[in-house]
Amino acid sequence: MPLGLLGKKLGHTRVYDAAGKVIAVTVVLAGPNRVLQVKTQAGKDGYNSVQLGFDDQKEQRLTKALLGHVKKQNGVAVKRIKEFRDFSKEVKSGDVVGPTLFAPGDFIDAIGTTKGRGFEGVMKRHNFAGGDASHGAKGWKRRGGAIGQRLFPGTVMRGMRMPGHMGQVSRTTQNLEIIQVREADNLLLIRGSIPGAEGDYVVIRESKKRPKGWKPPVVTGSKKKAGAAKPAAAAAKK
């Protein structure tokens, strides 16, 4: 995990490229991330990593152990802490990093917790077809059917798909493209969707599956600006 950031999913919007094509993006607040601790292989920790903190918190809401750790590193109280192994950017305790760690055209992996769906049946949870609604079948319209065997082995096999809690699990969406980096607002505009609801915390790290030979597109702020360039270009030709 050479580079990474903690962030918060704010919502979705769209931007336009130079050709006026719509690009659906997810907006992530990716800063400021405060460097709380730097671990080195030569030190007592025995490995290289950087500990980042995100989203300021009141000191009275932290445990004494966590608050003591933050104060020892000359940091401030934060809501979320994440450690990134083998951080490729050289930093020290007290530094602040943000979305400028990445650039438009970079590919990232987004790690988040999916939306919770509560208790769901097999049709919703596993896309089962359900039972017959006619031909004498009663009470089996949304059921999954038999789950076990008779004499051998006479038990329910491990991993059987059944009703249960759906969602609210950690998931990673890989190989997402960064469309815009807005340093002034600490925002990353990322093509596609990211696990989680609006306001959920996410981890943004460098992608492990970046395509080779890909060139980033030229992105403008709005469709009006992209369209305004066309009459000007036509007038110049005349």
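Look up: the structure comes first, before these words.
Notes on the structure in this doc start here. Keep in mind that this is a model prediction, so the values were computed, not measured.

1. Description of the overall build of the chain
Now for step 1: Scanning the chain for helices and strands turns up three helices and 13 strands.
Now for step 2: Relative to its 238 residues, the chain shows a buried fraction of 30%.

2. Comments concerning the packing of aromatic side chains
Now for step 1: Applying the stated criterion across every chain, the model contains two aromatic pairs.
Now for step 2: Taken together, a centroid distance of 6.1 Å and an interplanar angle of 85 degrees make the contact between Phe-54 and Tyr-201 edge-to-face. Remark: Tyr-201 occurs in strand E12 (residues 201–206) and Phe-54 occurs in strand E4 (residues 49–56); sequence separation between them is 147 residues.
Now for step 3: Tyr-201 gets classed as partly exposed once you look at its relative accessible area, which sits at 22%.

3. Thoughts on the sheet that holds E4
Now for step 1: With respect to topology, four strands assemble into an open sheet ordered E5-E4-E3-E6, the strand pairing being antiparallel. Lying at the two open borders of the sheet, with one neighbouring strand each, are strand E5 (78–85) and strand E6 (96–97).
Now for step 2: Direction of pairing for E4 relative to E5: antiparallel, over a ladder of seven bridges. Residue Gly-53 lies in a different strand from E5, and its bridge partner there is Ile-81.

4. Overview of the environment of Lys-9
Now for step 1: Along the polypeptide, Lys-9 turns up in strand E1 (residues 4–17).
Now for step 2: Residue classification places Lys-9 among the buried residues on the basis of a relative accessible area of 4%.
Now for step 3: Sequence separation of Lys-9 and Leu-187 is 178 residues, and the distance between their C-alpha atoms is 9.9 Å.
Now for step 4: Other than its neighbours up to four places away in sequence, Lys-9 contacts Thr-26, Val-27, Ile-194, Pro-195, Gly-196, Ala-197, Glu-198, Gly-199, Asp-200 and Val-202.
Now for step 5: Only 2.8 Å separates the side chain of Lys-9 from the backbone oxygen of Ile-194, close enough to count as a polar contact.

5. Concerning the side chain of Gln-180
Now for step 1: On the secondary structure map, Gln-180 appears in strand E10 (residues 170–182).
Now for step 2: On the basis of relative accessible area, Gln-180 is assigned to the buried category, the value being 12%.
Now for step 3: Within the structure, the side chain of Gln-180 is placed 2.9 Å from the side chain of Arg-182, a separation counted as a polar contact.

Conventions we followed
- Residues numbered from 1 in each chain as written.
- Predicted model: local features only at pLDDT ≥ 70, side-chain atom pairs only at ≥ 80, totals over all residues.
- Heavy atoms only, no water.
- Helix = DSSP H or I, 4+ residues; strand = E, 2+ residues; numbered from the N terminus.
- Buried < 20%, exposed > 50% of the residue type's maximum accessible area, 1.4 Å probe, protein only.
- Phe/Tyr/Trp six-rings, centres within 6.5 Å; stacked < 30°, edge-to-face > 60°.
- Pairing = 2+ DSSP bridges.
- Contact = heavy atoms within 4.5 Å.
- Polar contact = N/O pair within 3.5 Å; in protein donor to acceptor, adjacent residues only side chain to side chain.

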